[in-house]
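Listed below are the residues making up each chain.
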Amino acid sequence: MKYSRAMTLSSNHEPAIPASEWASVCELPAARRSSSMAFDTIGVCRGTTYLLGFIKVINRLIGVYMRNKVTRRGILLSGAMALMSDQFGVPAAANHTVPNDLDHEHFMRLAIERGKETPRLPFGAVIVNMKTKEVIAGGSMRVNKKPIWHGEMVAINGCPDTDTGFNWKEVCLYSTAESCPMCQSAILWAGIPLVVYGSSMPYLVERGWGYVNIRSQAVIDASLIGKCQSIGGVLEKECNQLFLDAKKLDS
Ligand SMILES: [Zn+2]
């Protein structure tokens, strides 16, 4: 399944380069691919892989230009960002270590289970250690207790304190829905390098769900405190159904 990964400067925050394409251009050479390398930085692309990746990205950006009519300056900037990004081994705004062997659907199912704990507000989240694959914390919408306790906030608050040695850079967050600006900002402030979601904000807004209507990628783009990667559309059908069922409970 192809998941969206919004990570460029395209004007409408649509993914300019699909995750599958990034994955293929940044794949490690076979000789270097081993279990001990599973937690290696994604963006270690060298030699031919580097060159091919560069050509692919440029071709893709030209395609984006033709479709979205972004400015030439935007293209140059996007290209520069792509080249500087950790996908090519050089850190951009933040140097994140994100493995490529995570079973997104498995962890999203766990987030869905958390969402089902509050069936009228099925915004569920889990936080997973990307290295050990251990689920560290989870949460569902608890706004009846505290108005800011969205699933992601509950999950973040459920993680151990940093002074106990907890490393936020080793975890990622799965959420049944695209994070609101508050939660996305909290994810950035925590330094969590990867967020994965199911239902998109436009889908939920269209169906009457309340949001501060700023896409999570726009929040990431605006961040001066570091970036994180965002992958959307994981088990999207299942997550969308969760929210459709929730609306039926009130009708
Ligand atoms: Zn939120």
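Calculation rules
- Position numbers for residues count from 1 along each chain, tracking the sequence in the order it is written.
- Owing to the predicted nature of the model, reporting of local features is limited to residues with pLDDT of at least 70; listing and counting of side-chain atom pairs is limited to 80 or more, with chain, interface and lining totals taken over all residues.
- Helix and strand assignments come from DSSP, with helices taken as H or I runs of at least 4 residues and strands as E runs of at least 2, each series counted from the N terminus.
- The burial criterion counts other C-beta atoms lying within 10 Å of a residue's C-beta, which is placed from the backbone; the residue is buried at 20 or more, exposed at 12 or fewer, and partly exposed between these limits.
- Should DSSP find at least two bridges between two strands, the strands are regarded as paired.
- Crossovers are marked right-handed if the path from the first strand over the helix to the second runs clockwise, as seen with the strands pointing away from the viewer.
- Note on contacts: residues are paired as contacts if their backbone-placed C-beta atoms lie within 7 Å.
- By this rule the span expected of a helix is its residue count minus one, scaled by 1.5 Å.
- When we speak of the arc, we mean the arc of directions from the helix axis to the C-beta atoms.
- To define axes, lines are fitted to C-alpha atoms, for helices over the stretch in contact only, and angles between the resulting N-to-C directions are given on a 0 to 180 degree scale.

1. Looking at the overall build of the protein
A count of helices and strands for the protein gives nine helices and five strands. Secondary structure elements of the protein, listed N to C terminal, follow the sequence α-α-α-α-β-β-α-β-α-β-α-α-β-α. Within the protein, buried positions represent 39% of all 251 residues.

2. Focus on unusual backbone geometry
Most peptide bonds adopt trans geometry, and most residues besides glycine take a negative phi value. You will see that K133, though not glycine, has its phi angle at about 65 degrees, which is positive. Of note, K133 is situated in the loop between β1 (125-129) and β2 (135-139). You will see that L235, though not glycine, has its phi angle at about 50 degrees, which is positive. With respect to the helices and strands, L235 occurs in the loop between β5 (229-231) and α9 (236-250). Here L235 falls in the buried class, since 25 other C-beta atoms lie within 10 Å of it.

3. Things to note about the pairing of strand β4 (residues 194-199)
By the criterion of burial, β4 is predominantly enclosed, with six of the six residues buried. Alignment of strand β3 (residues 171-177) against β4, held across five bridges, turns out to be parallel. Of the residues in β4, the one forming a bridge with S175 is Y197. Since β3 and β4 lie parallel, the crossover through helix α6 (residues 181-190) that links them has a hand, and here it is right-handed. With three bridges connecting them, β4 and β5 associate as parallel partners. Note that in β5 the partner of V195 across the bridge is S230.

4. Considerations on the environment of V195
The residue V195 is located in strand β4 in this model. By the C-beta count within 10 Å, which is 24 here, V195 ends up buried. A sequence separation of 11 residues divides V195 from Q184, and the C-alpha atoms of the two residues are 8.7 Å apart. If sequence neighbours within four positions are ignored, V195 has contacts with C172, L173, S175, S179, I187, C228 and S230.

5. Details of helix α4 (residues 104-116)
A rise of 1.5 Å per residue sets the reference length of α4, with its 13 residues, at 18 Å; its end C-alpha atoms lie 18 Å apart and thus fit the reference within 8%. Among all positions of α4, only H104, F107, M108, A111, I112, R114 and G115 are buried. What you see down the axis of α4 is that its buried residues fit within an arc of 160 degrees, all on one side.

6. What to know about the sheet that holds β5
The strand order across the open sheet formed by five strands is β2-β1-β3-β4-β5, and the pairing between neighbours is mixed. The two strands at the open ends of the sheet, each matched to only one other strand, are β2 and β5. In this sheet, neighbouring strand axes are inclined to one another by 15 degrees on average, regardless of whether the strands run parallel or antiparallel. Strands β3 and β4 of the sheet are contacted by α9, whose axis makes an angle of about 60 degrees with β4.

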